[in-house]
Amino acid sequence: QVQLVESGGGLVQAGGSLRLSCAASGMIFSINSKGWYRQAPGKEREWVASISSGGSTTYADSVKGRFTISRDNAANTLSLQMNSLKPEDTAMYYCAAGWDIVKRAYRYWGQGTEVTVSS
């Protein structure tokens, strides 16, 4: 079965950095589009960044220039490097894979890893 497991979350001061990782199993990771989403308490889940099967990347305006999404196909992992963190970045971060063009949504999701940025 398909599983996505996030790791790397934690507590960091504003201006600091964290690197999140997502390990995949039960799927051919290299041929899937992948992305990161986040959800703060009381707010809707929002898209953060995506990387296509061909390696093209896109970012939400709120994180552009600070976050970098990358992949390691050999290791079957997805990463999100987060720099210059702000308190508003505090949220549960989720990785997702397998973009469905018709449904305009990802097929598979992880359980999330929590990021807290203190002021």
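Once that is clear, we can look at the environment of aspartate 61. Its place among the elements puts aspartate 61 in the loop between strand 6 (57–59) and strand 7 (67–72). The sequence separation of aspartate 61 and serine 17 amounts to 44 residues, and the corresponding C-alpha distance is 18 Å. A distance of 3.3 Å separates polar atoms of two side chains, one belonging to aspartate 61 and the other to lysine 64.

Once that is clear, we can look at unusual backbone geometry. Located in the positive-phi region is serine 84, a residue other than glycine, with phi close to 50°. Structurally, serine 84 can be placed in the loop between strand 8 (77–82) and strand 9 (91–100). Positive phi is not limited to glycine here, since arginine 104 has a value of about 55°. Position of arginine 104 among the secondary structure elements: in the loop between strand 9 and strand 10 (105–109). What makes arginine 104 exposed here is its relative accessible area of 65%.

In space, the four strands of this open sheet follow the order 1-3-8-7, with antiparallel pairing throughout. Both edges of this open sheet fall to strand 1 (3–7) and strand 7, since each of them pairs with a single strand only. Strand after strand, the sheet turns through a mean of 15° between neighbouring axes, direction not considered.

For serine 79, the position within the fold is in strand 8. Residue serine 79 is classed as buried on the basis of its relative accessible area, which comes to 9%. Aside from chain neighbours lying at most four places away, what touches serine 79 is Arg19, Leu20, Ser21, Trp36, Thr68, Ile69 and Ser70.

We now examine the environment of leucine 11. Within the secondary structure, leucine 11 is located in strand 2 (residues 10–13). Sequence separation between leucine 11 and threonine 90 is 79 residues, and the spatial gap between their C-alpha atoms is 9.2 Å. Ignoring any residue separated from it by four or fewer positions in sequence, one finds leucine 11 in contact with Thr116 and Ser118.

On to the pattern of salt bridges. Applying the stated criterion to the full structure yields five salt bridges. The salt bridge partner of arginine 66 is aspartate 89, with a shortest N-O separation of 2.8 Å. In this pair, arginine 66 is assigned in the loop between strand 6 and strand 7 and aspartate 89 in the loop between strand 8 and strand 9, connecting sequence segments 23 residues apart. Comparing arginine 66 with aspartate 89 shows no difference in burial state: the two are buried.

Parameters and conventions
- Note on numbering: residues in each chain are counted from 1, in written sequence order.
- For a predicted model such as this one, the threshold for reporting local features is a pLDDT of at least 70, and the threshold for listing and counting side-chain atom pairs is 80 or more; totals across whole chains, interfaces and linings nevertheless cover every residue.
- In computing side-chain values, all of the structure's heavy atoms are included and hydrogens and water are not.
- For the purposes of this entry, the term helix denotes a DSSP run of H or I that reaches at least four residues, the term strand denotes a run of E that reaches at least two, and both are numbered from the N terminus.
- N or O atoms within 3.5 Å of each other form a polar contact, as long as, within protein, one can give a hydrogen and the other can take it, and as long as residues adjacent in sequence are counted only when both atoms are side-chain atoms.
- Between buried and exposed lies partly exposed: a residue is buried under 20% and exposed over 50% of the maximum accessible area for its type, with that area taken using a 1.4 Å probe on protein chains only.
- Two strands pair if DSSP finds at least two bridges between them.
- In this analysis an axis means a line fitted to C-alpha atoms, helices contributing only their contacting stretch, and an angle means the value between N-to-C directions, from 0 to 180 degrees.
- Only heavy atoms enter the contact rule, under which two residues are in contact if any of them lie within 4.5 Å.
- Whenever a carboxyl oxygen of Asp or Glu lies within 4 Å of a side-chain nitrogen of Lys or Arg, that contact is scored as a salt bridge.

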